[in-house]
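Observations on chain architecture
Residue strings, one per chain:
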Amino acid sequence: MAIELYWGSGSPFAWRVMLTLEVKGLKYESKLLEFSKGENKAPAYLQLNPRGKVPTLKDGDFVLYESLAIMSYLDRKYPEPPLFG
Ligand SMILES: N[C@@H](CCC(=O)N[C@@H](CS)C(=O)NCC(=O)O)C(=O)O
């Protein structure tokens, strides 16, 4: 199933997940949230990530937030090339 990444402009936490996806050659749908419009605090987004922060990753029905947790998840599910030695 498709991977979706919720991110916000200027977020280094989102960048590291984007870099992970690129390094692993994974296609994903970009969901850019606008902080200035409060899109990261909208009820629909808070259902995915109650902290109202980016990044959040959806992989099919599985939802995960916290950039390091997302990187670790992606590295386990898609091991090549490995991220962490
Ligand atoms: N520990 C979190 C930090 C995420 C975070 O702080 N994201 C910021 C952008 S750099 C954010 O969403 N800020 C919006 C807000 O707090 O309203 C992670 O590693 O994913």
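Up top is the structure these notes are about.
Residues numbered from 1 in each chain as written. Predicted model: local features only at pLDDT ≥ 70, side-chain atom pairs only at ≥ 80, totals over all residues.

1. Re the site of the ligand
- Looking at the ligand, the residues that line it are G8, S11, F13, F35, N40, G52, K53, V54, P55, E66, S67 and L68.
- Partitioning the shell around the ligand into residue classes produces 5 nonpolar, 5 polar and 2 charged. (Near = placed C-beta within 6 Å. Nonpolar A, V, L, I, M, F, W, Y, C, P; charged D, E, K, R; others polar.)

2. Digging into the nonpolar core
- Counting residues in hydrophobic clusters, the biggest one holds 11 residues: L5, Y6, W7, A14, V17, L21, L33, V54, L57, I70 and L74.
- Counting only elements with at least two residues in this core, the list comes to β1 (3-8), α1 (12-23) and α3 (67-77). (Core = buried A, V, L, I, M, F, W, Y, C linked by C-beta atoms within 7 Å. Buried ≥ 20, exposed ≤ 12 C-beta atoms within 10 Å, placed from the backbone. Helix = DSSP H or I, 4+ residues; strand = E, 2+ residues; numbered from the N terminus.)

3. Points about the sheet that holds strand β4 (residues 62-65)
- Taken together, the 4 strands give an open sheet; going across it, the order is β2-β1-β3-β4, and neighbouring strands pair in mixed fashion. Of all strands in the sheet, those bounded by a partner on one side alone are β2 (29-33) and β4. Between one strand and the next, the sheet's axes are offset by a mean angle of 20°, whatever the strand orientation.
- Pairing geometry for strand β3 (residues 56-59) and β4, over 4 bridges, is antiparallel. Across the sheet, residue D59 finds its bridge partner in β4, namely F62.
- The sheet strands contacting α1 are β1 and β3, and the helix crosses β1 at an angle near 150°. (Pairing = 2+ DSSP bridges. Axes fitted to C-alpha atoms, helices over the stretch in contact; angles between N-to-C directions. Contact = placed C-beta atoms within 7 Å.)

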